[in-house]
Amino acid sequence: PGAVILLAVAFLLPAVPSPADAESVDSGLEEEATAWLSVVRLRVEQGRHAEMGECRALGSDDLVVTIQGEQLSGGKSINLDWNRPPTLHALVIDNSASMAADLTYAKHAAKEYVKQLQPDREKGLVMTFDENVVLALAPTGDRAAMLEAINGVRNGSRTSMLDAIHYAMQELDSHRERPVLILLSDGADTSSLHLVEDIENQASNRPDLTVFTIGLGLRTGEGVKPTRQLLRRLAETTHGRFFDVAAGESLGKVFATIRDILDSEAILTVVDPDPRAERERIRVESLNRNCRVTVLGVSTDEPARAPARSPIPRPYPCLL
């Protein structure tokens, strides 16, 4: 009988977890605590009352992020990084006959822009177009080579602007770096094979693409394909900017403005409670009223991009 009582007591006592069981419980808790991160591309632009560099000095504590009505600010929830991601700048320059009077200004402005590129994080390519689209220099971080390529640009004849945009975006799409396209043209497209719809669809397939368009003395009239409206739409839909310039003397200021815009971009990482919800639910505001924040794009955990496709064959086809 005594043995029977001891067995009953042992049966009623709670089981003591083995070390292996304890480890499995801890592992489960760690898995539940895993945080999802959303990566938000921002542009922080200064208002007219902001002092020089004031907005560039913003930190995580100066921002408020709203996700489905819940506000996050500073601390461990958000982090702001001003380091520029690797970027590839495509300088696409109109060298048709109608650009003869302004080509010198265009080349000077482009060279000043190239001098500001950071060789360790930024590359550039140079493309020109008249009736032909020519890749004057393949993507490189060699600023001296870029300056030499720009110096070598000479006037041609007719204009294939839409074809140039197409081939520039195709070239950018074959590389991993964040793509920036700067197009300078007088807008008198007379010989392109591609259509406006082709260009707009192509741009929409690369969410991280930013296009800056510069229309120099834009023309209108019969037989000239629409340019001002296209250049504006292409810039606005890719978070770039359209510059309507009357004379070549203003190009230096335009290229400097483009650089300032790119320098105002930053990456914000956010601890995201529900990464499966709609991206539009993320709003970012600055506590500094002199600084305006624009969300350029949002991705979750920023998955690695698929391997870049091979560069397109060169030289580009002759478009007569």
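As shown above, the structure is provided for reference.
Residues numbered from 1 in each chain as written. Predicted model: local features only at pLDDT ≥ 70, side-chain atom pairs only at ≥ 80, totals over all residues. Heavy atoms only, no water.

Trainee: Just checking my understanding: could you explain the packing of helix H6 (residues 196–204) against helix H7 (residues 228–237) for this structure?
Mentor: Put simply, H6 and H7 touch, their axes get as near as 10 Å, and they point 10° apart. In terms of axis orientation, H6 runs roughly parallel to H7. Residue-level contacts link Val-196, Ile-199, Glu-200 and Ala-203 of H6 to Leu-230, Arg-233 and Leu-234 of H7. When grouped by side-chain class, the residues that make up the contact of H6 with H7 number 5 nonpolar, no polar and 2 charged. (Axes fitted to C-alpha atoms, helices over the stretch in contact; angles between N-to-C directions. Helix = DSSP H or I, 4+ residues; strand = E, 2+ residues; numbered from the N terminus. Parallel < 35°, antiparallel > 145°, perpendicular 65-115°, else oblique. Contact = heavy atoms within 4.5 Å. Nonpolar A, V, L, I, M, F, W, Y, C, P; charged D, E, K, R; others polar.)

Trainee: I'm lost on the environment of Asp-173 in this one. Help?
Mentor: Relative to the helices and strands, Asp-173 resides in helix H5 (residues 161–173). C-alpha of Asp-173 to C-alpha of Asn-205: the two residues are 32 residues apart in sequence and 9.6 Å apart in space.

Trainee: Explanation requested: helix H4 (residues 143–151) in the structure shown.
Mentor: Note: α-helices contain 3.6 residues per turn, so residues at a spacing of three or four share the same orientation. Turning to H4, its buried residues number three or more, namely Ala-145, Met-146, Ala-149 and Ile-150. Within H4, the buried residues cover an arc of 135° as seen down the axis, which keeps them to one side. Among the exposed residues of H4, those oriented more than 90 degrees off its buried face are Ala-144 and Glu-148. Contacts made by the buried residues of H4 are with strand E5 (87–94), helix H3 (103–115), strand E6 (122–129) and strand E7 (133–140). In this structure Asp-142 caps H4, since a side-chain oxygen of it lies 3.0 Å from the backbone nitrogen of Ala-144. (Buried < 20%, exposed > 50% of the residue type's maximum accessible area, 1.4 Å probe, protein only. Arc of directions from axis to C-beta. Polar contact = N/O pair within 3.5 Å; in protein donor to acceptor, adjacent residues only side chain to side chain.)

Trainee: Just checking my understanding: could you explain the state of the cysteines for this structure?
Mentor: Taken as a whole, this structure holds 1 disulfide when the rule is applied. With its sulfur 2.1 Å from that of its partner, Cys-55 forms a disulfide with Cys-291. Taking the torsion about the sulfur-sulfur bond, which here is approximately -95°, the covalent link between Cys-55 and Cys-291 counts as left-handed. Linking Cys-55 in the loop between strand E1 (36–46) and strand E2 (63–67) with Cys-291 in strand E13 (residues 291–300), this pair joins segments that are 236 residues apart in sequence. By relative accessible area, Cys-291 is classed as buried at 6%. (Disulfide = S-S within 2.5 Å.)

Trainee: Which parts of the structure should I look at to understand the packing of aromatic side chains?
Mentor: The description of an aromatic ring pair rests on the distance of the ring centres and on the angle between the ring planes. Tallied over the entire structure, the rule returns 1 aromatic pair. An angle of 70° between the planes, with centres 5.9 Å apart, marks the rings of Tyr-113 and Phe-255 as edge-to-face. Of this pair, Tyr-113 sits in helix H3 while Phe-255 sits in helix H8 (residues 251–263); the two residues are 142 residues apart in sequence, bridging distant segments of the chain. Here Tyr-113 matches Phe-255 in class, with each residue buried. (Phe/Tyr/Trp six-rings, centres within 6.5 Å; stacked < 30°, edge-to-face > 60°.)

Function cannot be inferred from these measures alone, as they are strictly geometric.
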